[in-house]
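# Examination of the molecular architecture
As a plain string of letters, each chain reads:
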Amino acid sequence: MPASLRTGHVGINVTDLDRSVAFYRDVLGLQVLGGSAPGTAPERRVAQLGKEGTLVLTVWQQAAGAHERDRAGLHHLAFEVDTVAEVREAEWALKERGATFQYDGVVPHGEGRDSGGVFFSDPDGTRLEVFTSSGVADEGKAPFADAPTCGFF
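Residues numbered from 1 in each chain as written. Predicted model: local features only at pLDDT ≥ 70, side-chain atom pairs only at ≥ 80, totals over all residues. Heavy atoms only, no water.

Attention shifts here to the side chain of Thr126. By the secondary structure assignment, Thr126 is in the loop between strand 7 (116-121) and strand 8 (127-132). In this structure Thr126 touches His67, Leu74, Phe120 and Ser121, once residues within four positions along its chain are discounted. (Helix = DSSP H or I, 4+ residues; strand = E, 2+ residues; numbered from the N terminus. Contact = heavy atoms within 4.5 Å.)

Okay, here's the thing in structure tokens:
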């Protein structure tokens, strides 16, 4: 087994590449690092998004409809930030864009946990999370006493 294994980037299918690129740019501050050449067929368009030159997410314009949460595959995609203030910045940007939230405000990952964040969907219904590993304990109660917050949204 490789000793240095880690997640490199995540690729998701989207229905509208331009809309999705704008969402991830405006809400999460991802930058376009590359993508399809001009003149690429609409059903083959792609964009690579990242931070500080590091690839984080690739979006592929090849979905025919919204993400189906009852199908096998991606459960959710979580983005980690350093502070609760950064989680709140993402929350504000999401509210400005009319995003759909699963819970009201910043919530802990579980009762008594100090980690947590905001839980929402992208324009195609892919479930997302922006979280921090500490500083959330005073933000409120966890939505579930018997399950992780990110498990069933």
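This brings us to the sheet that holds strand 8. Spatial strand order, 5-8-7-6: four strands in an open sheet with mixed pairing. At either end of the open sheet lies a strand with only one pairing partner, and these are strand 5 (77-81) and strand 6 (107-108). Relative to strand 7, strand 6 runs antiparallel, the two sharing two bridges. Along strand 7, the bridge assignment pairs Pro108 with Gly116. (Pairing = 2+ DSSP bridges.)

Turning our eyes to something else, we now look at the packing of aromatic side chains. The tally for this structure, following the rule as stated, stands at four aromatic pairs. Measuring from ring centre to ring centre gives 5.5 Å for Tyr103 and Phe119, while their planes differ by 80 degrees; the resulting arrangement is edge-to-face. Note that Tyr103 is positioned in the loop between helix 2 (84-96) and strand 6 and Phe119 in strand 7, a separation of 16 residues in sequence. Using a relative accessible area of 11% as the deciding quantity, one classes Tyr103 as buried. A relative accessible area of 1% means that Phe119 is categorised as buried. (Phe/Tyr/Trp six-rings, centres within 6.5 Å; stacked < 30°, edge-to-face > 60°. Buried < 20%, exposed > 50% of the residue type's maximum accessible area, 1.4 Å probe, protein only.)

Turning next to the nonpolar core. Grouped together as the largest cluster of nonpolar side chains are 27 residues, with contacts concentrated most on Tyr24, Leu49, Leu57, Val59 and Val130. Secondary-structure elements contributing two or more residues to this core are strand 1 (10-14), helix 1 (17-28), strand 3 (46-51), strand 4 (54-61), strand 5, helix 2, strand 7 and strand 8. Once residues within four sequence positions are removed from consideration, Val130 is found in contact with Leu28, Phe79, Val81, Val87, Ala90, Gly116, Gly117, Val118 and Phe120. Tyr103, Phe119, Cys150 and Phe153 belong to the second-largest nonpolar core, a separate cluster that totals five residues. (Core = buried A, V, L, I, M, F, W, Y, C linked by side-chain atoms within 4.5 Å.)

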